[in-house]
Number of protein chains: 2
Amino acid sequence: MSRLDSFIRRMSAQRDCLNWAAEELKGAPGAILELGLGNGRTYDHLRSLFDAEDIYVFDRHVKAHPDCVPDHAHMIIGDFLSTLPKTAEKMTGKAKLAHCDIGSGDKSASLSLSDRIYPHLEPLLQPGALIISDQPFDGEAFEELPVPAGVPANRYYLYRKRI
Amino acid sequence: MSRLDSFIRRMSAQRDCLNWAAEELKGAPGAILELGLGNGRTYDHLRSLFDAEDIYVFDRHVKAHPDCVPDHAHMIIGDFLSTLPKTAEKMTGKAKLAHCDIGSGDKSASLSLSDRIYPHLEPLLQPGALIISDQPFDGEAFEELPVPAGVPANRYYLYRKRI
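J.: Sorry, what's going on with the interface of chain A and chain B here?
T.: How big an interface is tends to be expressed through the accessible area that disappears when the partners come together. The interface is formed by 16 residues belonging to chain A together with 16 residues belonging to chain B. Those elements giving two or more residues to the side of chain A that touches chain B turn out to be α1 (3-24) and α2 (41-49) of chain A. If you tally residues by element for the side of chain A that touches chain B, the top one is α1(A), at eight residues. Residue composition of the side of chain A that touches chain B, by class: five nonpolar, six polar and five charged.

Structural data, given as structure tokens:
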């Protein structure tokens, strides 16, 4: 499989997971947390699935296509480990979905980031909320869910916060 | 259609065009010219379809994943408009395929680059050679071909050099 094949497969898997979550959460109230804006493509996709008013994006900097940048109230700039705790006051128990696109090229650094994010992310989520992540999360509060058909194993990880 | 949808569609269309060309050119001798290395994903895909020994990559700089960089003899660094003419001595009439991933965000600059590349690219191609390009080429020497089924119009352009 070429890198082009693998890239298309990864992007498609990401979309399948987002679409799956939108279907699962249809009609449910709550915020969407997008950890990692990047080029803004998945944010744009989330906007096509959910109300943009409900989507809060976290990233260290804004390097997205200008069309794909949330307004000031929905773009939280800074290190996840400092911005997530700051959001807790307003957001505790409010989110129905977190999409975490937090992996870098460095596998062990990505896993460690995921471990450190977990205690700050978990309180923001409603019972029953979903996490879609490119890194595994390890915590009692979550039940791991099977990925949608066609999504390769160990590429995306799905969790539901226990009720 | 979200930017994620559109991106997946574009990457898939590119792959479909490359796979189509590989099928069309099966068993034919000749070089492959890759104009634009970028991150190296399509170069890696070309390597999965053709003999790497036959693939020559042109780009202004090398910013690809280290696994996707051709060796010194197959990586021609510099502006297309200066490197293509320099290659003519060795390559005239040798190439069976050129893949041109030359568009930038600026549409009129991309079209103008395509026009300026044309006189330098055309002599390197065998009669019957194929061009896959993200920009239209306008020249008597080429016949435009229909894109494979499923590839959106005006996204990729296919040409065959007249015999």
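J.: Where do I start with the sheet that holds strand β4 (residues 95-100) of chain B in this structure?
T.: Backbone-to-backbone hydrogen bonds join strands into a sheet, with any given pair of strands oriented parallel or antiparallel. All names here are of chain B. Taken in spatial order, the seven strands of this open sheet run β3-β2-β1-β4-β5-β7-β6, and their pairing is mixed. Of all strands in the sheet, those with a lone pairing partner are β3 (75-77) and β6 (142-145), marking the two edges. Taking the axes of each pair of neighbouring strands and ignoring which way they run, one obtains an average angle of 20° across the sheet. Note: β4 against strand β5 (residues 125-133), five bridges, orientation parallel. If you follow Cys100 over to β5, its bridge partner there is Ser133. Those strands touched by helix α2 (residues 41-49) are β1 (31-35), β2 (55-59) and β4, and its axis lies near 165° from that of β1.

J.: Can you help me understand the pairing of strand β5 (residues 125-133) of chain A in this one?
T.: A regular strand carries its side chains on alternate faces of the sheet. Residues and elements named next belong to chain A. Handedness of the crossover joining strand β4 (residues 95-100) and β5 through helix α4 (residues 107-121) is recorded here as right-handed. In this structure, β5 lies alongside strand β7 (residues 157-161), joined through four bridges in antiparallel fashion. Bridge assignment links Ile131 to a residue of β7, and that residue is Tyr159.

Thresholds applied
- Residues numbered from 1 in each chain as written.
- Chains lettered and ligands numbered in written order.
- Predicted model: local features only at pLDDT ≥ 70, side-chain atom pairs only at ≥ 80, totals over all residues.
- Contact = placed C-beta atoms within 7 Å.
- Helix = DSSP H or I, 4+ residues; strand = E, 2+ residues; numbered from the N terminus.
- Nonpolar A, V, L, I, M, F, W, Y, C, P; charged D, E, K, R; others polar.
- Pairing = 2+ DSSP bridges.
- Axes fitted to C-alpha atoms, helices over the stretch in contact; angles between N-to-C directions.
- Right-handed = clockwise from strand over helix to strand, strands pointing away.

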